[in-house]
Number of protein chains: 2
Amino acid sequence: MTAIVKGHPSTNDDSYQLNTTTLIRHSARNYPEREIVYRTADGGWGRYTYGDAYARIKRIANALTDLGVKPGDVVGILDWNSKRHFELYWAIPGTGAVMLQMNLRLAPEDVGYVATHGGASVVLVDESLLSVAESVAPFAPEVTWVVMSDKPLSEIATTLPNVRHLEDLVAKASPEIDWPMIDESSAYSACYTTGTTGRPKGVYYSHRAIYLHTLTQASSYGMSAADAVMLITPMFHSQSWGLPQSAVYVAAKIVLPGRYSAVDTDMLADVMIAENVTVANGAPAIFQPMLDYIETLDVKPDFSRTRLLSGATEPALSLMRGFHDLTGADFIHAYGATETAPMAFVNYGRKVTLQGKVTEDEWWSIKRYQGLPAGGVDVRIVDPEGNDLPHDGNSKGEVLLRGPWITARYHKLDDDADRFLDGYWRSGDIGTIDQNGYLKLADRLKDVIKSGGEWISSIDMENAIIAHPRVTEAAVIGVEHPKWQERPVVIMVTNDGEDVALAEIHELLHGAFAKWQLPDTILYVDALPRTSVGKLHKKVMRVQHGDLYRGA
Amino acid sequence: MTAIVKGHPSTNDDSYQLNTTTLIRHSARNYPEREIVYRTADGGWGRYTYGDAYARIKRIANALTDLGVKPGDVVGILDWNSKRHFELYWAIPGTGAVMLQMNLRLAPEDVGYVATHGGASVVLVDESLLSVAESVAPFAPEVTWVVMSDKPLSEIATTLPNVRHLEDLVAKASPEIDWPMIDESSAYSACYTTGTTGRPKGVYYSHRAIYLHTLTQASSYGMSAADAVMLITPMFHSQSWGLPQSAVYVAAKIVLPGRYSAVDTDMLADVMIAENVTVANGAPAIFQPMLDYIETLDVKPDFSRTRLLSGATEPALSLMRGFHDLTGADFIHAYGATETAPMAFVNYGRKVTLQGKVTEDEWWSIKRYQGLPAGGVDVRIVDPEGNDLPHDGNSKGEVLLRGPWITARYHKLDDDADRFLDGYWRSGDIGTIDQNGYLKLADRLKDVIKSGGEWISSIDMENAIIAHPRVTEAAVIGVEHPKWQERPVVIMVTNDGEDVALAEIHELLHGAFAKWQLPDTILYVDALPRTSVGKLHKKVMRVQHGDLYRGA
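What counts, and at which threshold
Residues numbered from 1 in each chain as written. Chains lettered and ligands numbered in written order. Predicted model: local features only at pLDDT ≥ 70, side-chain atom pairs only at ≥ 80, totals over all residues. Heavy atoms only, no water. Pairing = 2+ DSSP bridges. Helix = DSSP H or I, 4+ residues; strand = E, 2+ residues; numbered from the N terminus. Expected span 1.5 Å × (residues − 1). Buried < 20%, exposed > 50% of the residue type's maximum accessible area, 1.4 Å probe, protein only. Contact = heavy atoms within 4.5 Å. Buried area = accessible area lost by both parts, 1.4 Å probe. Salt bridge = Lys/Arg side-chain N within 4 Å of Asp/Glu carboxyl O. Polar contact = N/O pair within 3.5 Å; in protein donor to acceptor, adjacent residues only side chain to side chain. Least-squares fit on C-alpha atoms with pLDDT ≥ 70 in both. Core = buried A, V, L, I, M, F, W, Y, C linked by side-chain atoms within 4.5 Å.

Colleague: Whenever I open this one, the sheet that holds strand 6 (residues 120–126) of chain B confuses me. Can you help?
Modeller: Sheets are built from strands that pair by backbone hydrogen bonding, the pairs being arranged parallel or antiparallel. Residue and element names in this part refer to chain B. An order of 8-7-6-4-5-10-11 is seen for the 7 strands of this open sheet, with the pairing classed as mixed. Of all the strands in the sheet, the pair left with one neighbour each is strand 8 (164–165) and strand 11 (202–206). Sheet analysis places strand 5 (residues 98–101) next to strand 10 (residues 187–192), joined by 2 bridges and oriented parallel. Considered in strand 10, the bridge of leucine 100 is made with alanine 190.

Colleague: How should I be thinking about helix 2 (residues 50–66) of chain B in this particular structure?
Modeller: Along an α-helix, residues three or four positions apart point the same way, because every turn accommodates 3.6 residues. All names here are of chain B. Between its terminal C-alpha atoms helix 2 stretches 24 Å, which fits the 24 Å expected from 17 residues at 1.5 Å a residue. Among all positions in helix 2, only Tyr50, Ala53, Tyr54, Arg56, Ile57, Lys58, Ile60, Ala61, Asn62, Ala63 and Leu64 are buried. A positive phi of about 110 degrees marks glycine 68, the residue just after helix 2.

Colleague: Sorry if this is basic, but what is going on with the interface of chain B and chain A here?
Modeller: By convention, interface size is frequently given as the accessible area that disappears when the constituent parts associate. On the chain A side, the residues contacting the 81 residues of chain B number 81 residues. Considering only the surface of chain B that becomes buried against chain A, B:His8, B:Thr11 and B:Tyr16 emerge as the three largest contributors, covering 12% of it. At the junction of chain B with chain A, the criterion picks out 8 salt bridges. The closest approach of N and O atoms between A:Lys6 and B:Asp183, which form a salt bridge, is 3.0 Å. Our count for the contact surface shared by chain B and chain A stands at 54 residue pairs in polar contact (both at pLDDT 80 or more). For the side of chain B that touches chain A, the element with the most residues is helix 7 (residues 207–220) of chain B, which contributes 8 residues. Where strand 9 (residues 181–182) of chain A lies against strand 1 (residues 4–5) of chain B, 2 bridges are found, and the strand directions are parallel. Note on strand 1 of chain B: the bridge partner recorded for A:Ile182 is B:Val5.

Colleague: Would you mind going over the relation of the copies chain B and chain A with me for this structure?
Modeller: Put simply, the second copy of the chain is the first one after a rotation about an axis and a shift along it. When chain B is fitted onto chain A, the two copies agree to an RMSD of 0.3 Å after a turn of 179 degrees and an axial shift of 0.0 Å. Accordingly, the operation relating the two chain copies is best matched by a two-fold axis.

Colleague: Looking at this model, I keep getting lost on the nonpolar core. Mind explaining?
Modeller: Looking at soluble globular proteins, one finds that nonpolar side chains tend to be buried together. Counting residues in hydrophobic clusters, the biggest one holds 176 residues, and the most contacted among them are A:Phe86 and B:Phe86. Not counting the four nearest positions on each side in its chain, A:Phe86 is found in contact with A:Ile36, A:Tyr48, A:Ala53, A:Met235, A:Val248, A:Ile254 and A:Leu256.

Colleague: Would you mind going over unusual backbone geometry with me for this structure?
Modeller: Among all residues except glycine, the phi angle is most often negative; among peptide bonds, the trans geometry is most common. Residues A:Ala341 and A:Pro342 are joined by a peptide bond in cis, for which omega reads 5 degrees. Along the chain, the position of A:Pro342 falls in the loop between strand 16 (330–336) and strand 17 (343–346). Even without being glycine, B:Ala251 reaches a positive phi, approximately 65 degrees. Secondary-structure assignment places B:Ala251 in the loop between helix 8 (243–249) and strand 13 (253–256). What makes B:Ala251 buried here is its relative accessible area of 1%. Positioned with a positive phi, B:Lys412 is a non-glycine residue whose angle comes to about 50 degrees. With respect to the helices and strands, the residue B:Lys412 is situated in the loop between strand 20 (397–402) and strand 21 (420–421). Judged by relative accessible area, B:Lys412 falls into the exposed class, the value being 54%.

Colleague: What is the right way to read the sheet that holds strand 6 (residues 120–126) of chain A from this model?
Modeller: All names here are of chain A. One open sheet accounts for 7 strands, arranged 8-7-6-4-5-10-11; its pairing is mixed. The outermost strands of the open sheet, each flanked by one partner alone, are strand 8 (164–165) and strand 11 (202–206). Bridge count for strand 4 (residues 74–78) against strand 6 is 5 bridges, and the pairing is parallel. From the neighbouring strand, leucine 78 faces strand 6, where its bridge partner is valine 125.

Right under this line is the structure:
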C-alpha cells in the first residue's frame with residue numbers, strides 16, 4: 001500500500017460526505033421538468049419528469065424505512081430496466097441501505113446464493129419475474145419479498161410466502177424526507193460477478209466510488225443536459241455501466257426500454273430514433289442487428305450527435321464504420337468489469353488531437369482497441385512475475401487496475417489474495433498498451449499459454465489459423481509440459497474432415513509468432529466444446545487434453 | 001453539523017486519496033500531444049504540449065524539493081497567467097506543499113501580510129514583477145525569493161536579498177519523480193480574499209476540494225478535449241476560477257495570455273479568434289471592449305461553440321445578445337467567491353428543457369441571473385434570524401452555501417464564527433431564488449438597508465432612481481435610525497446641479513417598493529466617493545452620513 005503523506009491543513013470541511021443522493025437532488029432541483037421515458041408492463045410507453053421521479057423516490061425511501069429497512073441493510077432487486085428500478089437506484093441507497101443487483105439470467109440456485117451471501121433481508125421483484133422469484137425463494141429463505149406491479153396485490157397470484165406490495169407501502173408513506181448524510185465509504189450498491197468458475201463473487205461499491213465514477217463518466221463521454229440516454233445494458237449488469245447515475249447527474253433525458261429480448265433490437269432502434277437518443281450502451285451482439293435494421297429503413301436516422309457505448313467484445317470494423325457512414329453515430333469501444341464499477345478504459349475523443357498524426361485507416365483500427373484509461377484509474381501491465389512491462393504495443397502482460405472505484409477485495413471472501421497485487425486488482429486479462437497509451441486486449445490470463453517463460457496469446461493464434469481455407473473452427477489451449485511449462489495445442493474442425501499438414505499451419509503463423517512458439521500438435525474433432533452462451537469452453541478442453549505431454 | 005450515518009462496508013479501498021496530481025498525470029498520459037499556447041516575456045507567442053509541460057512539472061517539483069520545500073510547506077507565487085505559473089499549479093501541490101496565490105494588485109503591505117500570515121517560506125516571482133517583490137520584501141522578511149526568467153541570474157538586477165533562480169534549480173533537478181500520495185484533506189492551494197474591510201482572509205483549498213471542483217466544473221460547462229480554453233481571469237484571482245485545472249482534466253488546448261492590461265482586450269480578441277478558443281473567463285468590463293472591437297472587424301468570428309464565462313457583475317443584456325448575434329457565442333453568467341473555490345452558481349445549459357415553457361425574451365432575462373447551483377453545492381437563503389425563506393423569486397435573504405469545496409473556516413482566524421451558520425458559509429450576498437431555481441442577487445448584506453425588520457435592496461433602489469433623466473449618479477445607503485433601525489438615504493449627482501423633487505423620486509419607486517420603504521432624505525453631492533477600482537465606496541458614505549438621524 002502506498003504511504004499517505006500529510007500536508008498543510010485546509011479550511012474545507014472534508015467531513016462533508018459524497019453521497020449519491022446529492023446527484024438526484026441536484027438534478028431534481030435544477031431540472032425538474034426533464035423527461036424520463038419508460039416502457040410500461042403492457043409494452044406501451046409512458047413519460048414523467050425528474051420532479052415526478054424525485055417525489056416517488058422520497059416516498060419509496062420512506063416506504064422501505066416503514067418496512068423496517070435500516071442503514072447497512074441489504075435490499076435486493078429483480079427487475080428489468082424499468083421506471084421502478086430507476087427509482088430504486090436512488091431510494092434504497094438514500095436510506096443508507098445497499099442496493100443488491102440480482103442477475104435474473106443466473107440459475108435459481110446462484111441467484112439465491114447472491115441473496116443469501118449478499119445478506120439481503122428484502123428483495124423487490126417485478127411482477128413479470130415472479131416465476132423467477134418463486135424458483136429462487138427456496139435458496140433464499142430469509143428474504144421478505146415485495147412485489148412491484150400496477151395491479152393490486154389481490155389480483156396477483158404467487159406462491160411466494162408473505163409477499164408485500166410496493167405501491168401499497170408507498171401509498172401510506174410520507175412524501176417528505178430528511179435524507180441522512182451517509183458515511184461515504186459505506187456501500188451504495190452491490191453486484192456479483194458471473195464468472196464461469198465457482199460461485200459469483202460480490203463487489204460492494206461505496207457511495208464515494210459511485211459519486212466519483214459518475215462525475216468521471218459524465219466528462220469521459222462529454223455528457224450534458226442536452227443528451228438523451230437509453231439504458232440498453234441491463235441495470236442488474238454492472239449497474240448498466242453506471243449510466244443511470246451519470247445520466248441523472250447531467251440531467252439528460254433518460255429512456256428505459258423495460259423488458260426486451262435479444263430479438264427486440266428493431267424496437268430499440270425505433271425508440272432511439274423517436275426519442276433522439278444521443279447515448280446508448282450495449283454490445284456488438286445488440287448493435288449489429290440494430291444496424292442491419294437501420295439499413296432497411298428508407299429514411300436513415302441522423303445520429304451525428306450519438307455515442308454508442310459498446311463493451312463485451314471487440315467491435316468489427318464493419319459495424320463501427322457502418323453506423324458512422326449510415327447515421328453519423330460515433331461507435332465507442334469501452335472496457336471494464338463488475339470489479340471496476342465498470343468504467344476503466346474508454347475509446348473516445350482523442351481524434352481531435354491525433355488529427356494529421358494518424359491516417360484515417362489507422363484511426364479506425366485504433367478505435368477497435370479498448371481505449372485509454374479513464375481519469376483517476378491507475379494502470380499497470382505486468383509479466384508473470386509482477387514486473388512492469390513497457391508500453392510499446394508489443395509487450396503482453398496482465399492488466400492491473402487501481403483507483404477510487406476499483407474493488408480492493410471481494411465481499412466475505414478470504415482467499416482472494418491472488419486477485420490483488422500491491423493494491424491493484426488483477427483483471428485476468430492479457431493485453432498490450434501502445435505508444436499512444438491505448439490498451440489492446442489479447443487474451444484471458446487463464447487461456448494464455450505460458451511457455452518458456454513467455455506468454456503466447458491463444459486468441460492471436462486462433463485468428464491466424466482460422467484463415468486457412470479448410471479450417472472452420474479452431475481453438476488453441478496451453479497443455480502442461482514437463483520441460484516448457486506449457487505448449488500450445490491446436491484443436492480444430494475442418495470442412496472436409498481431413499487433416500491439415502502441420503507445415504501449412506506453421507506457415508500461417510510465420511512472422512507473427514517466434515519459432516519456439518509454434519505448436520507441435522494438432523487435434524481434430526467434429527465440434528469444439530462451447531459454453532451455454534456459445535463461448536469456446538477452453539476449461540473443458542484443458543481437462544480433456546491435459547495429459548497430452550505427461551511423461552514427454 | 002449533520003450527523004454521519006454508517007452503512008454497510010464496501011469492497012472499495014476508500015483510502016485511495018484524491019490528489020490533483022492525478023489530473024495532470026491523466027491528461028499527460030492520454031493526450032501528450034495536446035497543445036498549450038503561451039505568451040512570452042517579450043509579448044510573442046510560444047507553444048508546447050502537455051507532454052512537454054508534464055516533463056517540466058516533474059523537474060520543477062524536484063527542484064523545489066532540492067531547495068528544501070517539504071510537504072506542508074507554503075510556496076507563494078507572484079506571476080501573470082504565464083507558462084511557468086501553469087507549471088507551478090501542478091509542481092508545488094504535487095510535492096505536498098501548498099501553492100499560495102499572491103495578488104500582485106494589492107498594496108505591498110497587504111501582499112507581505114499574505115506571505116507572512118499565509119506562512120510562505122519560498123516565493124517564486126516573475127522577472128517582470130521584481131519591483132513588486134522588492135516593495136513586498138520588507139513586509140515578508142522570512143521569505144526565500146526565487147526569480148523566474150529566461151535570462152541568467154547574472155543579467156537580472158534586483159535588490160532582493162539572496163535571490164535564487166528557478167531555471168538554474170530546474171537544470172540540476174532529476175527528470176523523474178515518484179509522486180507522493182497526499183492526504184486528500186491537506187491543502188492544495190491558498191487564496192486570500194480582497195475585501196474592502198480589514199486584512200485579507202485566507203482560504204486553503206484541500207486536494208479533495210479541488211479534485212471535486214475540477215470534475216464538477218468540467219461537466220457544468222460541458223468541457224471536453226475538443227475545447228480550447230483561454231485563461232483571462234488572473235491565476236492569482238480565485239485560481240482563474242479553477243479553469244486551469246478543469247481544462248487540464250479534459251485535456252483541452254490551453255491559451256495563457258501572460259501579462260496584459262485592461263486596454264489589451266483587442267489582443268485577447270485576436271488570440272481568441274486565432275486559436276479557436278471555445279471557453280474563456282472574464283467579466284463584463286473585459287468582454288464589453290472585446291465585443292466593441294469585434295464589431296469593427298470586417299469578418300466576424302464564428303464563436304458558435306464558444307462559452308464566455310462571466311463573473312463579478314450582472315452582464316448587460318446588450319452585451320450577452322451582442323456576442324450571441326454577432327458571433328454565436330453563449331454568454332454565461334456565473335457566481336462565486338474566493339470562499340467557494342469559486343464555482344457556486346452557473347447559468348448554463350437549461351435552455352434545452354425550458355424550450356416552449358419560456359419566451360425568448362424571458363430566456364434572456366433568466367440568463368442575466370446568477371444561475372443554478374453547481375452539482376454538490378447546498379444552498380439556503382435565510383432571513384436576518386437565520387430562518388429559511390421560500391424560493392418564490394420575491395423573498396430576499398442572505399445566500400448560504402455548503403459543499404465539498406466551500407470553505408468552512410478562515411485560516412488562522414479565531415473570530416470568524418459570524419461568517420458561518422450550521423456548517424454553511426455566509427456569502428454576505430442578498431438574493432432571491434425563483435420558482436425555476438435561479439439565483440438573482442439583490443445586494444451585498446452590508447449595503448442592504450435593514451428597516452422595520454425587513455430588507456431593502458440598495459441596488460434595486462439605485463437602478464430605479466438612475467432612470468430619472470436628470471440623475472447621473474445615485475447611491476442609496478442605510479443610515480441608523482432610533483425607531484426604524486435603518487432608513488434609506490439617497491445620495492445623488494444631477495446633470496444640472498439642481499435638486500429633484502422627492503415626489504418625483506417616490507414616483508419612480510412606486511410599485512417596486514412599499515410605501516414604508518421610500519426614502520425621506522436626498523443628499524446632493526458633486527461626485528460619489530468611489531474605491532480604487534471604481535466601485536461605489538458605500539463604507540465611506542455611511543461614515544460621512546451616519547449621524548443623519550441621530551436624535552430623530
